[in-house]
Each structure stands twice: as C-alpha cells, then as structure tokens.
Amino acid sequence: MKKKNLLLTALALFATAAGIVWAADHIDAPAVTSTTSDITDYYAFQSPENPENMVFVANLQGLLDPAATASAKFDEQVMIEFNIDNTGDAVEDLVIQAIFQDGKILAYGPAVPSETGLVSRIESEGGAVEAEITAYNESAIVGSGKGMKVFAGPRDDPFFFDFARYSDIIAGNAASFNNPGSDTFAGTNVLSVVIEVPKSMLGNAATLNTWVESKRKI
Amino acid sequence: MKNTVFILVSALIIMASVFIAPQYQVAQKTSYEHYLSPDHLRKSRQELASRIAFWEQKLQAAPGNFVYQKKLAGLYAAGFKLTGDITQLHRSDSLLLAVNARLPGRVGVLQSLTANAITRHAFREAEGYIRKACDIGEDRFTSSLMLADVALERGNLLEASLLLDGIASGSHFDYLIREVKLHDQSDELDKAVRSMEKAAGLARASGTSSAINWALSNLADMYGHQGKVKKAYETYLQALRLDPADLHSLRGIAWIAFSHDRNTEEAKRIVRFLQSIHPMPDYDLFLAEIAAYEQDTATERMHKEQFLRKASAQAYGNMYKSYVCQLKSEGGEAAEALEIAAEEIGERPHPMSYHLLAWAAFRHGSPQRALDILEQHVIGQTGEPEALYHAGVILKEAGRKEAARAHLLAAREASFELGPVVAAEIQGHLEQL
Amino acid sequence: MKNSLKTGILAFMAIAIAFTSCNDDDPIAPADNSRYMQEDQMGRPAINTVFVDAAEKDKFNTTTPSQQGPSFADKFQSKLLALNPGYTNNALGLDAETFTGILATDVLTVSTEGKTTFFDGTNVLTGRALADDVISVELLLIFGGPEGAANPGLTDDNVDANDKAFLNVFPYLATPH
C-alpha cells in the first residue's frame, strides 16, 4: 500500500512535469531597417556665403524627435548621390556621391559617372572630401577640400507643411486648409547631408537639371 | 505497469542528472552580472517615455494629426516590448485603427497594424491587413516580407518561399532575417544560421546597433538549437554589450545556466530579476520548469497556476494560447486543451498547432485520433524538437516502435533546447523501446 | 557530446574571424568597387507624394528621370484632373498636359547664373532655397486657376515659414531641436 502511494505521488508529479516545453520564443522581426535610405527632402541653391558656389542638401530619416535624433545614424551601406544634368536630357553628366564610414562622411566628385542610371560605383578617382559626422548637440563639423565643403549630421527639418490637413483634404475629411495652419514638421529633426561646390565644377550650362538618389550597396 | 516503469526510470534519470554535475559551467556570473541591474532598462524606458511625451504633446496641440498618431503607435508598441505592459500594445492598436478609419489605405499604417497583430498572435487579422497593403502596392518589399511572416506562422511554407523569391536581396537585413525563418521552418538549421550570420554581418556593415543586437541575440538562440552552448553564450554577451537592456539575451543566459549548467540557483536568480523588471507571464513557465527539475512539486504547481492566471487575462488575447494548451493537456484538462488547440489551428494552421491538438487528444485518452492527426499534419512537416518529442511518445504508445525511436532520437539531439526535464523523459522513453 | 568546449571555442573563433574580415572588406580609403542599387530619389518637393499613386510609388522611385516623362506624364495628368476637376490653366499659363508633362520628369532645375528660388514672384523654378514656401506655390499652381484666385481654401496651407531660423553660414540648416 505504501509502495503504491509512492508510485502515485511519482505519477502525479510527472503528470504535471511531463511535456511542457518551454524554450525561448523567436522574437518578432524588428521594425524595418530599410527606411535608412528614405529621402525626405532635397534642396539646391546658390551659396548664401559665396555666389560662385552651389549648395546641395539631402535630408534622410524624417520626423526624428530629440531623443531619437541622438541615436539616429547614417546607414553605412547607403550612398547618397546628387545627380547633375548639364545637357538638358535628364541623364546625369556629373555625380556627387556621399558615403558614410566609421563616423565620417566621404564625398566624391563631382565626377563623370562611369555608369548612369540605377546602379552606381563609387567614383573615387578624384579622392574624397571628408568630415566627421556631427553628433547631436555638437556644433557643426565642416570638412573642406577641392574648394568644397561637406557636412553630415542631424539638423532641424527645414521643411514646413500642414501635411496632416492636406491628407485630410485629399481623403475628403476636410474642405480647406486651416488658417493659421499647423506645421506637421515643427520641432522635428532629420539627418542632413550638405555639400557646397564651386559652380565651376558643374559645367557651363546656365540651367542644370538636378536630383538626388539613395542607393544601397549590393 | 509499463507506465510505472517509465516513471521510475525517468525519475532516476532526473535525479541522476541533478547530482551529476556537467563537465563545465558555461555561464560565468562575472561576465553578465553587470546586466542584472534595473538601471539599463530604466534608461531605455526613460528615453522612450520622453519620446512618447514629445509626440503626445504635439498631438494634443494638433488633435487628429495622423503623423503624430502613427509615431505614437510605433512608440507604444515598442513600449509594450520594453515594459511588458500589454495596455501599451492596445493603445498602439487603437491609434492605428483611428488613423486607418480616417485615412484608409495608408500602407505604413496597415504594415504597423500587421506587426501589432503578429505580436498578439492574431495571424488571421494580420493577414487581412497585410494583404490589403500588398494590394495597394506601395512599399511592396516590406509588405511582401510581412506577408511572408504571416504565411510562415500559418504554416504556408510554399507561399512564404515564393514571396521571398520575388524580392530576394542579399543586401537587405530585413530580407535576410526572413530567409533565416524560411530555412529554420524548412528544418535547415545550418542554412538558417548562415543566413543569420550574414544578416548580423550586414547589420554591422550598416552600423545599425539595434539591428546588430537583434541579429546576435537571435543567432545565439540558434547556436543553442545547434547544441553549441558556449558559442550561444558568447553571442548573448556580445548582444548585451550592444544593448545592456536586452532581456531576450539575459533570458537566454538563464536558460544556459539551467539547461546546460544545471545551475538552478543561478538560473532562478536571473529569471526572478527579469520577472521583477518585466512583468510578462513567460517567466513563471521558466520557473515552473526549474522547479520540476528540482522536483519541487509545490513550487512548480504554484508557478504554473500563476502563469495560467496571468496568461489567460483577456488583454493577452491569443498570445499565450499554445502554452496554455500544453499546460491544460498536462494538468488533466485535456478537453479544454482540445478546444484551445482547435482555436489555435484556426488562427495558425501550422504543423505546430496540429501537434498541440494531437497531444491534447493523446492526453484526453484518444491515442488513435492523436496518431491520425500526427500522420496527417505533423510527421515530416516540422522538425521542431517539441513536436518530435510529442510525436515520439504518441508513436511509442501506438506500438510504432521504430518510428517512435527515430522521433525521440531526433528530439534528444535538441536536449539543450528542450531542457533537462524533457530530455530525461525522452531518455526514459527511449530506454523502454 | 555535441557541445564540447573545444568545438564551442573553435566555432566562436570562427565567427569572430568572420566578423573581423567583414570589417576588413570596408577600408576607409580607397573606396572599394562595390555597386550600389537605387532605392529612392527626389527632384521637386512633394511631387511624388501628390502625383504618384500608391501602386506606382515603388516604380517611380526607381525610374530614371529621363524615363519618367514617357512612363508617368499621362498618369500625372489624370491625377491633376482628379485633384482639381476644374483645372484649365494655372498662373504660369500652363494647361494640364503641359504642366504635368513638365512635372512628370522629376528633376529640380537650378540656375547657375542668378537667384535660386522655387518661386519668388519673378523667378520661377530656378532652384529651391531653404526658406521657399514650396508647398503653397505648388498648391497655387494646382488649384489656383489662371489668376491664382480659384479655390482659395486650397491654395495655401497657411504655414509660411520654418519653425527655426536658418543660418547664414554653412551648413545653413538650423541646429537640431
């Protein structure tokens, strides 16, 4: 009898112990990382400091709040390429390329691309103008060389737009803009690449067609 | 009688394993003690709280601004993962649903709704959102990845494989980690590990520390599945160096302390620390498992009851159904387990869900039905160790000795992953064959 | 035993080596010969947002500008007429076909000889400066009709300037918040 009781206890024990398999679950996939190549905005203007120079600005990874700005990083697998067409056919004749490595931005060009279109190689022949990537709350670090200036780091998003109201209008939820409107991008930051180049490096055309591309290393 | 012998043999094996110390201890307190501090998580939480406050303030000033609502939804979903507070996930969902109602058809919103539904293990709901996103067409790359996630969860390996073929890109971290899942589910662990190593390398090349941390902590799990415990441990430590608040890696180290080192005191200390800063039901299950190993029935039962109580809360929805199902199967509530398994199959018609149903049927005294389910939906369709183990037991009882042995031997390969209690049971079953 | 110390350590060393060599593939200079594949592009502000349907956005972002016109001009025109069914001409005197024909090739034209501005009342599309109220210009051209007086509730979002002053010196953009 005693023996049987012992066995029953053992049975009860195993009835609860058996078979519960607990192992660490695979965690859900993280939020997408491919947004590091999203271009939020593009500017091209004559340098306010020197009318002989042109300034190109590409902004990435928009809507960064201050805390997110501190940890935002340029993707070292992504190239930012400013494209310049000085013959009027919307095909790039010159490119200025920026890549990011070990805390630095490296800017190549303006150079005639060895290949136009969707795929690029780094046009490194003329060497790079470098700058340390400016950290959040650090004053702007400017790299220079070849008459060019280079900056990379977080900045206030210069764009202003009542984007939320616009979206409501398009969706049929509102009939008109508010007055005053509300700047959706106020108070937020972006990661910026700013490159200033002598106009003389961009050819002789009176008007350029320009655009910016982000490209990922394959 | 057969059962009694089995129980005695298993008990002896467990007792023996308690007293026979492993050859060496992998987990060394000095290397991870630094991470057993609430400060790391507190810092991450404070940062998240400040971000949430920033966007809440903006939303208050511009009520109904969908940009801010969507931002907040992402932060609250992250908040759930960081704090274990399920209400944050619900807050995230309600913000996204509000945006989706007012501005229907925004792909980013549908993708976020999908991610949340996957976290809630609401896979049918997730599929609905992400199919809509795919139909709209913007950002097809991400939508295809997420549809593949859902397909994999729902056991549709072929669809996942076709989807991933259509967007294959070795230069995207987001793609590579789906390739990992596909290999893993196709029972090709070595290939899965190679893809994850590639993903980790790519994350390093990108300089994205959150992605590197994620890849390493998952890679460490996979090394463990390969039985490479030392390598798993070192990889968890690498992940923790990048993110000292990485609870997943700490849990992995606790599992090593338990499953490999048999250092239950240390494992309990780590798990209790995790439990104290991250109130998720999971840890009770871990502690129950340790108690089972220590043959402390009262503590084991206490933790299982606590787990069931916490995990059954309405707020968790479907998240813990598979564990609840297993517990009910073991705890003499097999009828209820059968119902849960059937629900789980509706949500996730994956071989792993059918294996739950088979096990519940088996425990409910329907060995033939269990066998039928196994043969139709499980055997040859998944290499997950727990399915192999349960299948082995069912086959053994059906007198299918050879098949039982094959399954149990395969499960035994994953002894580290399954833990010492189950490993001893497997051994017990094998010795009876 | 599968997880012997020796294989564990060897395997760990192997991955350490794999990671190191990964870093060695990325020397700081000279740059390697890797190829880079396009993921996103932009010319004029918000054109993609306004004129490209969700189903076409991926394609638009990876169509070179010289090909955008042929592929997208018709779609841009339909979109313009959907946004503003009453469109006849805009303040630049462009009918729907001409206007969208220009926009569909999404490049920013920049003058090398004078003022660079999106629109300042005199100069049109000679660049894009930081302070330019580009959205209101575009809204006016889409909704404002030939005199700029049509649909007054839609021609200005009433956000006319950035929330932070720009710098007079490089890099010109304001410091982050």
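Rules used in this analysis
Residues numbered from 1 in each chain as written. Chains lettered and ligands numbered in written order. Predicted model: local features only at pLDDT ≥ 70, side-chain atom pairs only at ≥ 80, totals over all residues. Axes fitted to C-alpha atoms, helices over the stretch in contact; angles between N-to-C directions. Helix = DSSP H or I, 4+ residues; strand = E, 2+ residues; numbered from the N terminus. Parallel < 35°, antiparallel > 145°, perpendicular 65-115°, else oblique. Left-handed = near helix turned anticlockwise from the far one by under 90°. Contact = placed C-beta atoms within 7 Å. Nonpolar A, V, L, I, M, F, W, Y, C, P; charged D, E, K, R; others polar. Buried ≥ 20, exposed ≤ 12 C-beta atoms within 10 Å, placed from the backbone. Pairing = 2+ DSSP bridges. Expected span 1.5 Å × (residues − 1). Core = buried A, V, L, I, M, F, W, Y, C linked by C-beta atoms within 7 Å. pLDDT = per-residue confidence, 0-100.

Quick look at the packing of helix H9 (residues 157-166) of chain B against helix H10 (residues 173-185) of chain B now. All names here are of chain B. Their axes nearest at 11 Å, the elements H9 and H10 cross at an angle of 150°. By the criterion of interaxial angle, the relationship of H9 to H10 is roughly antiparallel. In this structure, H9 meets H10 at a crossing whose hand is left-handed. For the pair formed by H9 and H10, the contact residues are Leu 157, Ala 160, Ser 161 and Leu 164 on the first element and Arg 178, Glu 179, Leu 182 and Gln 185 on the second. Looking at the contact of H9 with H10 residue by residue, the classes come out as 4 nonpolar, 2 polar and 2 charged.

All names here are of chain A. Most of strand E5 (residues 104-111) is tucked away, with 6 of its 8 residues classed as buried. As paired elements, strand E4 (residues 94-101) and E5 share 6 bridges and run antiparallel to each other. Pairing of Ile 99 across the sheet is with Leu 106, part of E5. Linking two consecutive strands that pair antiparallel, namely E4 and E5, is a turn of 2 residues; a positive phi of about 50° is found at Asp 102 within it. Of the pairings in the sheet, the one linking E5 to strand E7 (residues 128-132) comprises 5 bridges and is antiparallel in character. Within the sheet, the bridge partner assigned to Leu 106 lies in E7 and is Glu 130.

This paragraph deals with helix H11 (residues 189-206) of chain B. Residues and elements named next belong to chain B. With 18 residues, H11 should cover 26 Å at 1.5 Å per step; its first-to-last C-alpha distance of 25 Å lies within 8% of that length. Within the span of H11, buried status applies to Ala 192, Val 193, Ser 195, Met 196, Glu 197, Ala 199, Ala 200, Gly 201, Leu 202, Ala 203, Ala 205 and Ser 206. Following H11 by one or two positions, Gly 207 adopts a phi angle in the positive range, close to 80°.

Next up on the list: the environment of Phe151(A). You can see Phe151(A) is positioned in strand E9 (residues 148-156). Linking Phe151(A) and Glu130(A), residues 21 residues apart in sequence, is a C-alpha distance of 8.6 Å. Residue contacts for Phe151(A): discarding those within four places in its chain leaves Ala131(A), Thr134(A), Ala140(A), Val142(A), Val194(A), Phe170(C) and Pro171(C).

Another aspect to go through is the interface of chain A and chain C. Each partner contributes to the interface: chain A provides 76 residues, whereas chain C provides 57 residues. Sort the elements by how many residues they give to the side of chain A that touches chain C and strand E11 (residues 207-217) of chain A lands first, with 11 residues. Considering only residue class, the side of chain A that touches chain C consists of 38 nonpolar, 19 polar and 19 charged. Two elements, E11(A) and strand E1 (residues 35-42) of chain C, share 6 bridges in a ladder whose sense is antiparallel. Counterpart to Lys217(A) in the pairing with E1(C) is Tyr36(C).

Core analysis: the largest hydrophobic core is formed by 169 residues, its most contacted members being Ala199(B), Ala215(B), Ile253(B), Ala358(B) and Ala360(B). Apart from the residues within four sequence positions on either side, Ala358(B) is in contact with Ala370(B), Ile373(B), Leu374(B), Val378(B), His390(B) and Ile394(B). Counting 56 residues, the second largest nonpolar core, distinct from the first, contains Phe74(A), Val78(A), Val190(A) and Leu208(A).

Counting buried positions along E11(A) gives 10 out of 11 residues, so the element sits mostly inside the fold. Sheet topology note: the strand E3 (residues 78-85) of chain A/E11(A) ladder contains 8 bridges and is antiparallel. Within E11(A), the residue paired with Ile80(A) across the bridge is Ser214(A). As paired elements, E11(A) and strand E2 (residues 108-111) of chain C share 4 bridges and run antiparallel to each other. In the sheet register, Asn209(A) faces E2(C), and the bridge partner there is Thr109(C).

What follows deals with the environment of Phe74(A). Looking at the secondary structure, you find Phe74(A) in the loop between helix H2 (66-71) and E3. Phe74(A) sits in the buried class, given 25 other C-beta atoms within 10 Å.

For any two helices packed against each other, one specifies the crossing angle of their axes together with the interaxial distance. All names here are of chain B. The geometry of helix H17 (residues 297-311) relative to helix H18 (residues 321-330) is characterised by a closest axis approach of 10 Å and an angle of 140° between their N-to-C directions. Between H17 and H18, the angle is such that the two are oblique. Read as a crossing pair, H17 and H18 show a hand that is left-handed. Residue-level inspection shows Lys 304, Leu 308 and Ala 311 of H17 in contact with H18, the latter providing Tyr 323, Val 324 and Leu 327. For the contact of H17 with H18, the per-class residue count stands at 5 nonpolar, no polar and 1 charged.

Once that is clear, we can look at unusual backbone geometry. Residues and elements named next belong to chain A. Omega for the bond connecting Gly 109 with Pro 110 falls within 30 degrees of zero, at 0°, which places this linkage in the cis form. One can find Pro 110 in strand E5. Positive phi, normally seen in glycine, also occurs at Leu 63, with a value near 55°. Examined against the element boundaries, Leu 63 turns out to sit in strand E2 (residues 53-64).

Hydrogen bonds along the backbone pair up the strands of a sheet, which may run parallel or antiparallel. Residues and elements named next belong to chain A. The sheet built from 5 strands is open, its strands ordered E1-E2-E10-E9-E8 with antiparallel pairing. A strand with exactly one partner marks an edge of an open sheet, and here the two such strands are strand E1 (39-46) and strand E8 (143-145). Strand-to-strand twist across the sheet, computed as the mean angle between neighbouring axes with direction ignored, equals 15°. Bridge count between E8 and E9: 3 bridges; the pairing is antiparallel. Of the residues in E9, the one forming a bridge with Gly 143 is Val 150.

All names here are of chain C. With 82% of its residues at a pLDDT of 70 or more, chain C shows a mean pLDDT of 85. Per-element confidence in chain C ranges from a low mean pLDDT of 33 for helix H1 (residues 5-24) to a high of 98 for E2. Across residues 1-30, where pLDDT falls below 50, the model places 33 contacts with residues more than four positions away in sequence or in other chains. The complex model carries a pTM of 0.91, and its ipTM stands at 0.91.

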